[in-house]
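Spelled out from the first residue to the last, the chains are:
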Amino acid sequence: MTDSRRGSNATDDTTSDRLSRRRFTGALAAAGAVGLAGCSGTDGEATTGEPTDEMDTPMDTPTETEAGTETDEPTEEPAPNPDVDVLNYALTLEHLENAFYREGLAEFSDDEIMMADSLSEFGETLRMQVPEYLALAGEHEAAHVDAISATIEDLGGTPVGEADYDFGYSTPSEFLATAGALENTGVAAYTGAAGAIKANAVLGAAAGIQSVEARHASFLNVINGEMPYPAGVEEAASVEEVFEIAGQFITSEVSSPAPLDGEDEPTAERKADDDTSDVDVLNYALTLEHLENAFYREGLAEFSDDELMNASALSEYGETLRMTVPDRLRTAGAHEAAHVDAIADTVEQLGGTPVEEAEYDFGYTNPSEFLGVARALENTGVSAYAGQAGTVSADAVFDAAVGIHAVEARHASFLNELNVESPFPMAVDEPRTMEEVTEIAGQFIVEE
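Residues numbered from 1 in each chain as written. Predicted model: local features only at pLDDT ≥ 70, side-chain atom pairs only at ≥ 80, totals over all residues. Heavy atoms only, no water.

**Considerations on the overall build of the protein chain**
The condition that has to hold: Secondary structure elements are defined from DSSP: runs of H or I of at least 4 residues count as helices, runs of E of at least 2 residues count as strands, and each element is numbered from the N terminus. Partly exposed residues are those whose accessible area sits between 20% and 50% of the maximum for their type, while under 20% is buried and over 50% is exposed, using a 1.4 Å probe and protein chains only. By the convention used here, residues are in contact when the closest approach between their heavy atoms is within 4.5 Å. Each accessible area value is a Shrake-Rupley result obtained with a 1.4 Å probe; residue values ignore everything except the protein chains displayed when judging cover.
Looking only at helices and strands, the protein chain has 13 helices and four strands in total. Split into buried and exposed, the 448 residues of the protein chain put 48% on the buried side. Taking the intrachain contacts of the protein chain between residues at least 6 apart in sequence as the baseline, contacts between residues at least 24 apart amount to 86%. For the protein chain, the accessible area works out to roughly 20,800 Å², and carbon and sulfur atoms hold 49% of it.

Spelled out as structure tokens, the structure:
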């Protein structure tokens, strides 16, 4: 389906999507390239490829037993990479979602989807977007399957295969409702599993997928008439909780996932000592949360609900969607205010001093420009959290940050939609460094 609304940008989006897949595959492949076989020597230190005295003699050199016969010296199997279990868990879910979109989009035509009963209250613009965006979400899941499978093999593991499924829908509306349930489950699964990942290369890619799953879920919630971001911090789901949901659709035998964080596993790379303390990372996040909190507080005080609903940027949308905008913006603002309070409290608990709110100039002069700046800030927030995923040592801080990261992605998806842009333009969200994010945020800060 051609998107005439974006003209030449449609080509740019396709190119960006292909590039993001290459970046994703490269990020995950790097996990194998840096020797993440996860093996530890007897002294607990990671082994390297450098020869040692013990390695000077080939492992298959015959030795004599007391009886005078020759035998091969037994070799020791390398320990499996600990991230293989986490990746196979993710792959099981990606297979499920990939098959879901593949089968459903083959069964229902674009016209049938656009005319789904559940979409009847929405205007033509949103209904026409749905088939295109569902196809794009399906492409993302297929890309995730390919990249995760290749990475598991690079790490010396065996990727789980696709199962047999029965998704139970019989109408386009049921298909859309099931899509929403699967995508929201996927977000909770990644949020729950992220802390078990040991290698930062794998963690960075997983964070980029988690936020894309959150973007998918946000859009599916919108078209199913639900709040795109129902909580201020994404709830994590355990393996058991996820498979209780996913198991409803699986009709063939599948292996139960291995424990994601068993005993005697290496320490996560994100816990390695570096120059960036958890307080530093939290104050960095707090700087951005202050910015977003002030943005929503000031903008929602300046523009009335009627002004927001009648913003020219929303003119292509029908009344049903436009009427939801003020309340959903207030909810996003409430989330940012809650993030400020929670992060500031945590900084103090860790013995640090929370950074204070600055003075800002956001540069908007009308509701449409306000929505445009909101989109830019939320997408920047996603990339900022993704960029720091591997630098937080404390598990409790990491888990909370991952939960906020997904919510920022849900916000960004909805704001992209309001600005008539793809809610999820790439298969994997890109991280940004502190320097890159600070440069963007600095455009709005007039006094610190």
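The discussion continues.
**Details of the confidence of the model for the protein chain**
Basically, it comes down to this: A residue's pLDDT is the predictor's confidence in that residue, given on a scale from 0 to 100.
Confidence along the protein chain averages 86 in pLDDT terms, with 82% of residues attaining 70 or more. Segment residues 1-69 is flagged for pLDDT under 50; beyond a separation of four residues in sequence, or across chains, it makes 90 contacts in the model.

**Here we look at helix α12 (residues 395-418)**
Heads up, the condition is: The span expected for a helix works out to 1.5 Å for each residue beyond the first.
For α12, built from 24 residues, the straight-helix expectation of 34 Å at 1.5 Å per residue is met to within 8% by its first-to-last C-alpha distance of 35 Å. The element α12 is extensively covered by neighbouring structure, given that 19 of its 24 residues are classed as buried. Positive phi appears at Val420, one or two residues downstream of α12, with a value of about 55°.

**Looking at the packing of aromatic side chains**
Threshold: Stacked, tilted and edge-to-face are the three classes assigned to paired rings of Phe, Tyr and Trp, where Trp is represented by its six-membered ring and a pair needs centres within 6.5 Å; plane angles under 30 degrees give stacked, over 60 edge-to-face, the rest tilted.
Counted by the stated rule, this structure contains 25 aromatic pairs. Aromatic pair Phe295 and Tyr364: ring centres 5.9 Å apart, planes at 85°, arrangement edge-to-face. On the criterion of sequence distance, the pair formed by Phe295 in helix α8 (residues 278-302) and Tyr364 in the loop between β3 (359-360) and α11 (367-387) is long-range, its members being 69 residues apart. Classification of Phe295 by relative accessible area gives buried; the value is 0%. Classification of Tyr364 by relative accessible area gives buried; the value is 11%. Counting every residue linked through ring pairs, the aromatic cluster contains Phe100, Tyr101, Phe108, Tyr165, Phe167, Tyr169, Phe175 and Phe249.

**Considerations on the packing of α11 against α12**
Stated formally: Whenever a helix is involved, its axis is fitted only over the stretch in contact; in every case the axis is a line through C-alpha atoms, and angles between N-to-C directions fall within 0 to 180 degrees. Angles below 35 degrees are treated as roughly parallel, those above 145 as roughly antiparallel, those between 65 and 115 as roughly perpendicular, and all remaining angles as oblique. Helix crossings are classified by the rotation of the near helix relative to the far one: an anticlockwise turn of less than a right angle makes the crossing left-handed, while a clockwise turn makes it right-handed. Following the grouping adopted for this structure description, the nonpolar residues are Ala, Val, Leu, Ile, Met, Phe, Trp, Tyr, Cys and Pro, the charged ones are Asp, Glu, Lys and Arg, and the polar ones are all others, Gly among them.
At their nearest, the axes of α11 and α12 sit 8 Å apart, and the two run at 150° to each other. It follows that α11 is roughly antiparallel to α12 by the angle criterion. As α11 packs across α12, the resulting crossing turns out to be left-handed. Contacts between α11 and α12 involve Leu371, Ala374, Arg375, Glu378, Asn379, Gly381, Val382, Tyr385 and Ala386 on the former and, on the latter, Ala401, Ile404, His405, Glu408, Ala409, His411, Ala412, Leu415, Asn416 and Leu418. Considering only residue class, the contact of α11 with α12 consists of 11 nonpolar, five polar and three charged.

**Description of the environment of Pro367**
Within the secondary structure layout, Pro367 lies in helix α11. For the pair Pro367 and Ser312, spaced 55 residues apart in sequence, the C-alpha to C-alpha distance is 7.9 Å.

**With respect to the packing of helix α5 (residues 172-193) against helix α6 (residues 200-223)**
When two helices pack together, their arrangement is given by the angle between their axes and by how far apart the axes lie. The interhelical angle for the contact between α5 and α6, taken along N-to-C directions, is 150°, at an axis separation of 8 Å. Looking at the two axes, α5 sits roughly antiparallel to α6. Crossing of α5 against α6: the hand is left-handed. Together, Leu176, Ala179, Gly180, Glu183, Asn184, Gly186, Val187, Tyr190 and Thr191 of α5 and Ala206, Ile209, Gln210, Glu213, Ala214, His216, Ala217, Leu220, Asn221 and Ile223 of α6 make up the contact between the two elements. Taken together, the residues of the contact of α5 with α6 sort by class into 10 nonpolar, seven polar and two charged.

**Section: the pattern of salt bridges**
Selection criterion: Definition used for salt bridges: Asp or Glu carboxyl oxygen within 4 Å of a side-chain nitrogen of Lys or Arg.
Considering all chains together, one arrives at 10 salt bridges under this definition. Its salt-bridge partner being Asp429, residue Arg215 comes within 2.9 Å of it at the nearest N-O pair. Taken together, the residues span a long stretch of sequence, with Arg215 in helix α6 and Asp429 in the loop between α12 and α13 (434-441) at a distance of 214 residues. For Asp429, a relative accessible area of 7% gives the class buried. Arg270 is paired through a salt bridge with Asp395; the nearest N and O atoms lie 2.6 Å apart. Within this pair, whereas Arg270 is found in the loop between α7 (239-246) and α8, its partner Asp395 is found in helix α12, the two being separated by 125 residues in sequence. Judged by its relative accessible area of 39%, Asp395 is partly exposed. Through salt bridges that share partners, Arg270, Lys271 and Asp395 make up one connected network.

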